[in-house]
Amino acid sequence: MRLGVCYYPEHWPEAMWKDDAERMKSLGIEQVRIAEFAWSRMEPSPGEYDWGWLDRAIDTLGNAGLKVVMCTPTATPPKWLIDRHPDILPVGADGRPRAFGSRRHYDFSSPSYYEASKKICEAVASRYGQHPAVAFWQTDNEYGCHQTVVSYSPAAVKRFREWLKARYGSINALNIAWGTVFWSMEYRSFDEIDAPIGTVTEAHPSHRLDYRRFASDEVQRYNRMQVDIIRAHSPGRPIAHNFMQLFTEFDHYKVAADLDVASWDSYPIGALEEQWYAPEIKQRFLRTGHPDFASFNHDVYRGMSKLPFWVMEQQPGPVNWAHWNPAPLPGMVRLWSWEAFAHGAGCVSYFRWRQAPFAQEQMHAGLNTPDNRLDIGGGEAAQVAEEIRAVLAADPHANDAVKTPVALVFDYEAKWLFEVHPQGADFHYPRFAVEYYSALRSLGFDVDIVPVHAPLDGYQLIVVPPLPVVPDDFAARLAQSGAQVILGPRSGSKTADLQIPANLPPGSLASVMPVRVWRVESLRPNLQEPVTFAAQADGHWPRQGYSRHWRDLLDLDAAADDAAALEVRASFADGHPAYVKHGAMHYLASLFDDASTAALFADVAREAGLEPSLLGDAVRVSRRGGLTWVFNYGPQTYTLAADIPDDALVFGSREIEAQGVAAYRTAAH
Ligand code: GAL
């Protein structure tokens, strides 16, 4: 567990660098990320490099005892490069190139950019690969930020055709897979296929889905090129990329597979403002962020990171980019930092050292104000640094991994498919995944977030948010895991080619869940269809709840060998099953209200042999090493349960004040 910071020596007079470095060190910061946007200073004109300033900046940081995370600067190609190769600019869905003048103005498929990137990566990696102060690397910055994964340039279309050829082999196979006979869309060769934009009405959904898959693969290819170059010049130094919060435009599992560290950029308050949350939730967590949002991301990136994941950028105060930018409550920068460590983070690095007084982000806080005084976030970072030392001194294994019995399957293609073919305008996959996660967290569970191909053995409870395309072996792996399994609506509802399965949904999952979804309907946002949950012996069910967004209408397969084992556990008002159980499989035919979802998950958890706690919406726990951490996002003091002995408490106090943190020894509880 250590702290870091993002620093831009090129933004400040050189005379300030030494003092900056020394103050970072004395604050307790150990690593400093630099140079991800500094291309125009590294190579002011084509082929004319200026390394002097960067050499001195790295030396200054190194001399102060700081470790440098060196970045490739490819998120910001300089003006001269764009003027020489305008084909670098990505092309939007309106068919127009996007302009120079901000950042990320490049197309992953542009051959000129691929070559230019190779050159600058070679130059940076060969110059600093062996520098004693350079301990880590970051590739580029936030792949895909500002909607830049998908580009519709001629270069992208050319590569897309090749991608299709590799996937389908023959044009005939593609025509069949997509079903292009519909509306006479049949192709005679791959060269006839264009980008799926500009059509009179909806472009073919399989075409669009494949374009998204292709665009995702392009990000992977581009990142791998950078990784290969860095590894060649700087073997042994871990390579990271800074992914974004709840960002789903490319398959992060695939990109992370080439990295050592999956890191992400955490802005909980900006995220709350920009995401789907209802106005009353935005109000309630206005200055804290939603209690499950950062955690969800921690668990996503922990799962895909080979080394402990990092928070590469942590919000230090108000940001500049949301519609409204409230300040975090005092204590939140500290709480977020500890929450990251309690989910297994190896480093929390604040964005940024000092607020810049110029350009786009001049309203974005740093650990220091623009006139170089420590801001509230800076003070909290110093406190965390001290606390880390104390926690590790008391228990060097405080941040060791623990095994969790609960898994949630998270899939990137699901997002693309539901976006391409929503059927209901607000069928927003990431939201539903976070809601299921939130229900689990409100019950006190730690959650592993895993891809659909992950080994599932060892889990007792597996939750699958709506998963339209399931691999052929998924049903068997779920059954073999021995876990109780909760399947969201629309699971197994499409083939990989985006067609309705021959046996109707849930497709191949019918082998373990013998139902047939013969009709579906989507519901307007204001519609709440009543659902009656059958009373269970232990009386845990709420009797009434409601369903929203979607209904799968199910036929129970009377012909199945063990049809009698199908149990209807909840019904819609018109009598259709809303929730059925078969063996260890639980199929939800809709999304339910939060209370019903949490109660249902709690009951299934008990069937899995787990004991849920009822934490409500503002207190969360996370287990790590031998400790259980408790975080209070709410406005009131929270008192630890009476059965936790006083001598188990190792951090904070029994009375956890608003925005407070405590930890107790799990073993003793
Ligand atoms: C991130 C980005 C940083 C900075 C920050 C502001 O998305 O990586 O460069 O822009 O947001 O919150």
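What you see is a predicted model; the values in this text were computed from it and never measured.

K.L.:
So what about the nonpolar core? Which residues, and what values?
P.N.:
Core analysis: the biggest nonpolar cluster contains 201 residues, and Met70 and Trp338 have the highest contact counts within it. The element that contributes the greatest number of residues to this core is helix 8 (residues 205–233), accounting for 10 residues. Residues contacting methionine 70, with those up to four places away along its chain left out, are Ile34, Ala35, Met42, Leu54, Ile58, Val124, Tyr128, Val134, Phe136, Trp137 and Gln138. Counting 10 residues, the second-largest nonpolar core is a separate cluster that includes Val630, Ile644, Ala648 and Ile656.

K.L.:
I'd like to hear about the environment of valine 124, residue by residue, with values.
P.N.:
Mapped onto the elements of the fold, valine 124 is located in helix 5 (residues 111–128). For the pair formed by valine 124 and glutamine 499, sequence separation is 375 residues and the distance between their alpha carbons is 47 Å. Among all residues touching valine 124, those that are not within four sequence positions of it are Met42, Trp51, Met70, Cys71, Pro73, Gly129 and Trp137.

K.L.:
I'd like a description of the site of the ligand, backed by residues and values.
P.N.:
Taken together, Phe37, Arg103, Asn141, Glu142, Asp265, Tyr267, Glu313, Trp321, Phe351, Glu361 and His364 are the residues near the ligand. Between the ligand and arginine 103, the relevant distance is 2.9 Å, taken from an oxygen atom to a side-chain nitrogen or oxygen of the residue. At a separation of 2.3 Å, an oxygen atom of the ligand approaches a polar side-chain atom of glutamate 361. Look at the ligand: alone it shows 310 Å² of surface, and the protein chains cover 95% of it. Each residue belonging to the shell around the ligand can be placed in one class, and the counts come to 4 nonpolar, 2 polar and 5 charged.

K.L.:
Describe the sheet that holds strand 21 (residues 619–624), listing the residues and the values that go with them.
P.N.:
Hydrogen bonds along the backbone pair up the strands of a sheet, which may run parallel or antiparallel. Here we have 4 strands laid out as an open sheet, ordered 21-22-26-24, and antiparallel in their pairing. Strand pairing shows two members of the sheet lacking a second neighbour, strand 21 and strand 24 (649–651), which therefore form its edges. The sheet shows a mean angle of 30 degrees between the axes of neighbouring strands, taken without regard to direction.

K.L.:
Pulling in residues and values, what's your account of the domain arrangement of the chain?
P.N.:
Taken domain by domain, the chain comprises domain 1 (2–77 + 107–146 + 218–395), domain 2 (406–607) and domain 3 (621–665). The interface is formed by 22 residues belonging to domain 1 together with 12 residues belonging to domain 3. The contact between domain 1 and domain 3 buries some 1,400 Å² in all, and 68% of this surface belongs to carbon and sulfur atoms. Inspection of the domain 1/domain 3 interface yields 0 salt bridges. Summed over the shared surface of domain 1 and domain 3, the result is 2 residue pairs in polar contact (both at pLDDT 80 or more). For the side of domain 1 that touches domain 3, the secondary-structure elements that each account for two or more residues are helix 13 (332–342) and helix 14 (376–394). A per-element tally of the side of domain 1 that touches domain 3 places helix 13 first, with 8 residues.

Cut-offs used in this document
Within each chain, residue numbers correspond to sequence positions counted from 1 in written order. A pLDDT threshold of at least 70 governs which residues receive local features in this predicted model, and a stricter bar of 80 or more applies before side-chain atom pairs are shown or counted, although totals over entire chains, interfaces and linings include all residues. With hydrogens and water stripped out, all remaining heavy atoms of the structure feed into the side-chain values. Buried Ala, Val, Leu, Ile, Met, Phe, Trp, Tyr and Cys residues that are joined via side-chain atoms within 4.5 Å together make up what is termed a nonpolar core. For each residue, the accessible area found with a 1.4 Å probe, counting protein chains only, is set against the maximum for its type, and the residue is called buried under 20%, exposed over 50%, and partly exposed in between. Helical segments are the DSSP runs of H or I of at least four residues, strand segments are the runs of E of at least two, and each set is numbered from the N terminus. Here, two residues are considered to be in contact whenever any of their heavy atoms come within 4.5 Å of each other. By convention in this text, a residue qualifies as near a molecule or strand provided that one of its non-hydrogen atoms is within 4 Å of it. Two N or O atoms form a polar contact when they lie within 3.5 Å of each other; inside protein one atom must be a possible hydrogen donor and the other a possible acceptor, and for residues adjacent in sequence the pair counts only when both atoms belong to side chains. Here, Shrake-Rupley sampling with a 1.4 Å probe gives the accessible areas, and only protein chains in the shown set may cover a residue. Gly is placed with the polar residues, together with every amino acid not listed as nonpolar (Ala, Val, Leu, Ile, Met, Phe, Trp, Tyr, Cys and Pro) or charged (Asp, Glu, Lys and Arg). Pairing between two strands is assigned when DSSP locates at least 2 bridges connecting them. The axes used here are C-alpha line fits, helices contributing only the stretch in contact, and every angle between their N-to-C directions lies in the interval 0 to 180 degrees. The domain limits used here are those given by an automatic or database domain assignment. Accessible-area loss on putting two parts together, using a 1.4 Å probe and summing over both, is the definition of buried area adopted here. Every case where a carboxyl oxygen of Asp or Glu lies within 4 Å of a side-chain nitrogen of Lys or Arg is listed as a salt bridge.

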